[in-house]
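# Chains, contacts and geometry: an overview
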Amino acid sequence: WWMLMNHNLYRSFWKFAVICFLSLSVCPVYASSPKRAHVPISTTLCAIVQNPRLFDRKLVTFKAQYDMPGLEGSWLNDQGCSDVNIAADVLDDAKSGDVLRNAYQTGILGTSDKTITATWVGIFRWQPKQAPKRILYVREIKDLTVASK
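Residues numbered from 1 in each chain as written. Predicted model: local features only at pLDDT ≥ 70, side-chain atom pairs only at ≥ 80, totals over all residues. Heavy atoms only, no water.

### Considering the state of the cysteines
- Taken as a whole and judged by the stated rule, the model has 1 disulfide.
- Here Cys-46 engages in a disulfide with Cys-81; their sulfurs sit 2.2 Å apart. Its S-S torsion of approximately -100° makes the covalent link between Cys-46 and Cys-81 left-handed. Of this pair, Cys-46 sits in helix 2 (residues 45-50) while Cys-81 sits in the loop between strand 3 (75-77) and strand 4 (86-95); the two residues are 35 residues apart in sequence, bridging distant segments of the chain. (Disulfide = S-S within 2.5 Å. Helix = DSSP H or I, 4+ residues; strand = E, 2+ residues; numbered from the N terminus.)

This is how it looks when you write it as structure tokens:
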């Protein structure tokens, strides 16, 4: 009986030792490792349109023109591939979203009387079976410029 009790105690001790070792060696790695910075992929609208699967669900940044002809939606265009666009969904908490709203609300609502250009940062989604197929969920707008047409 004594040997059985010692054997169980021995096994319990080693289980405890292994658990302690793992918790002390693995957990600090997660706790001390810096969080991966979410650095956007610098690209172009044309590159995204040419290979949308490559950029699907990725944080991207690119320069493009903002078009909002009225209340039917808004999208991003690039002169380098003028026959395609990416729908723009500016999130409510997007950085400088208020600057964009002020820009398209000045003068005639939308972009029929102005050209709005900026650097866009957001999550790109490729949804080939939905409309729109390409959409950018805008998180930040940088270097916005407005020019009269």
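### Description of unusual backbone geometry
- Here the bond from Ala-131 into Pro-132 is cis, since omega is -5°, no more than 30 degrees from zero.
- Tracing the sequence through the fold places Pro-132 in the loop between strand 5 (114-126) and strand 6 (134-148).
- The phi dihedral of Asp-143 is positive, around 50°, even though this residue is not glycine.
- Looking at where Asp-143 falls in the secondary structure, it is placed in strand 6.

### Some remarks on the confidence of the model for the protein
- Counting all residues, the mean pLDDT for the protein is 82, and 74% of those residues have values of 70 or more.
- Ignoring residues within four places in sequence, the model shows residues 1-10, a span with pLDDT below 50, making 0 contacts including any to other chains.
- Throughout residues 24-36 the model reports pLDDT below 50, and contacts reaching past four residues in sequence, or to other chains, amount to 3 contacts. (pLDDT = per-residue confidence, 0-100. Contact = heavy atoms within 4.5 Å.)

### Considering the side chain of Lys-114
- By the secondary structure assignment, Lys-114 is in strand 5.
- For Lys-114, a relative accessible area of 5% gives the class buried.
- Here Asp-113 takes part through its side chain, which lies 2.8 Å from a polar atom of the side chain of Lys-114. (Buried < 20%, exposed > 50% of the residue type's maximum accessible area, 1.4 Å probe, protein only. Polar contact = N/O pair within 3.5 Å; in protein donor to acceptor, adjacent residues only side chain to side chain.)

### Some thoughts on helix 4 (residues 97-105)
- When we look at burial in helix 4, the residues that qualify are Gly-97, Leu-100, Ala-103 and Tyr-104. Buried residues of helix 4, seen end-on, are gathered within an arc of 120° and therefore sit on one face of the element.
- Packed against the buried residues of helix 4 are strand 2 (59-67), strand 4, strand 5 and strand 6.
- After helix 4 finishes, the residue Gly-107 shows a positive phi value of roughly 75°. (Arc of directions from axis to C-beta.)

### Quick notes on the pairing of strand 2
- Of all 9 residues that make up strand 2, 8 are buried, and the element is covered over most of its length.
- Sheet topology places strand 1 (residues 41-42) next to strand 2; 2 bridges connect them, and they run parallel. Bridge pairing links Ile-41 to Val-60 in strand 2.
- When strand 2 meets strand 5, the two strands line up antiparallel, connected through 8 bridges. Bridge pairing in strand 5 links Leu-59 to Ile-123.
- By the bridge criterion, 3 bridges tie strand 2 to strand 3 in an arrangement that is antiparallel. Residue Asp-67 lies in a different strand from strand 3, and its bridge partner there is Trp-75. (Pairing = 2+ DSSP bridges.)

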